[in-house]
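Residues per chain are reported as follows:
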Amino acid sequence: MTLKENPIGVPGVSRIMDTPHREKCMNRYYFIINPVAGAGRASKAFDIIENSLTPKGIDYEYDVSLYPGHAIELTRAALARGEKCIVSVGGDGTLREVAQVMAGTGAALGIVPSGTGNDFAKALGIPMNDAEAALNTLLKGKILPTDAGLANDNFFVNVAGFGFDADTVANTDSFKKKFHGMVPYMLGVIRTLLRLRTLDLKVTANGETFQVKSIMFDAANGTHFGGGMNVAPLADTSDGMLDIIIVKALGRLTFLSLLTKFVKGKHTALPQVMYFKAPEVTVECKQHSLLNMDGELGSGTPATFKVLPGALNIIVPDLR
């Protein structure tokens, strides 16, 4: 999605209303369900939620997303008729579709993480693959103004970048027709490692420009990607900054030996890694590369990554 396709207008972050009071926006819930997310887990999760909502007498409505981009249409229609609390039931892809329309509107966004990865929900502390716990967050949680991002005017909520991760997404897609769950991703990682590319980058951030040979560049709003890899352990979804991760050029075996550190978030001080925060970063790449935005491929280098401070009002657990 580009900005021109967004009727709400993502850049209008300055138009965000004050965080809505619970009594104004959370006495009714509108759910958008992706029935194929998590190999059917989203549908099962909503069945559990619906069985709990009905006895409680809570007002709700729902629709099912039937094709790519359908959740965008459903969200637009929901906002147009005055819905104040819209809940994404699915994975990161469904969340991105819903969130890109809600950005800047002031409406509350709920998340029932029930896809394959659910990476952005991890950063927010929303319970994973537990419908009852996710419902409890919706009913008793708090509303947190949360950042989002733009990659060449394409909206993302979690992580955008290119190189190893984008190549892995492309390779993973080629295995999805034969395998399910995390198997396509693991096979995609293996194929990407066998075809590992070195990229020549020119990076401008925080008033400085430098050149570096790299195999991966990411701008992170959330902490995890790839179904649990803790790529940006220092990320804060409400700090008005993107966490920039650049993995310098290295061999396959060296990178493979470091993967466990990336999974655990122990890579930030490694000499092979550059890690810093910035509100905006511009990157030129000698080798044209597609961008990965929350697991979806699009646009390409050169690229500019920008943070959208407080673009979303997300319902998160209230730990007080």
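This report concerns the structure included in the present document. (Residues numbered from 1 in each chain as written. Predicted model: local features only at pLDDT ≥ 70, side-chain atom pairs only at ≥ 80, totals over all residues. Heavy atoms only, no water.)

With respect to the overall build of the protein
When you go through the protein residue by residue, the secondary structure sums to nine helices and 15 strands. On C-alpha atoms alone, the protein measures out to a radius of gyration of 19 Å, which is about the 20 Å that the 2.2 N^0.38 rule sets for 320 residues. Projecting the C-alpha coordinates of the protein onto the three principal axes gives extents of approximately 60 × 45 × 40 Å. Of all 320 residues assigned to the protein, the portion counted as buried reaches 55%. Within the protein, contacts between residues separated by at least 24 positions form 73% of all contacts whose residues are at least 6 apart in sequence. By element, 55% of the accessible surface of the protein is carried by carbon and sulfur atoms, the whole surface being about 13,800 Å². When the 32 positive and 31 negative side-chain charges of the protein are each reduced to one mean point, those points stand 6 Å apart. (Helix = DSSP H or I, 4+ residues; strand = E, 2+ residues; numbered from the N terminus. Rg over C-alpha atoms; globule rule 2.2 N^0.38 Å. Buried < 20%, exposed > 50% of the residue type's maximum accessible area, 1.4 Å probe, protein only. Contact = heavy atoms within 4.5 Å. Areas by Shrake-Rupley, 256 points an atom, 1.4 Å probe, with all protein chains shown as cover. Lys, Arg positive; Asp, Glu negative; His and termini not counted. Charge placed at Lys NZ, Arg CZ, Asp CG, Glu CD.)

Structural notes on the pattern of salt bridges
Evaluated as defined, the whole model comprises nine salt bridges. With a closest N to O distance of 3.1 Å, Asp59 and Arg28 form a salt bridge. One end of the pair, Asp59, is in strand 2 (residues 59-64); the other, Arg28, is in strand 1 (residues 28-33), with 31 residues separating them in the sequence. For Arg28, a relative accessible area of 21% corresponds to the partly exposed category. Among the salt bridges present, the one from Asp200 reaches Lys213, with a minimum N-O distance of 2.4 Å. Of this pair, Asp200 sits in strand 8 (residues 199-205) while Lys213 sits in strand 9 (residues 208-220); the two residues are 13 residues apart in sequence, bridging distant segments of the chain. The class for Asp200 is partly exposed, based on a relative accessible area of 23%. Among the charged side chains, a network of salt bridges with common partners joins Arg28, Asp59, Glu61, Arg81 and Glu83. (Salt bridge = Lys/Arg side-chain N within 4 Å of Asp/Glu carboxyl O.)

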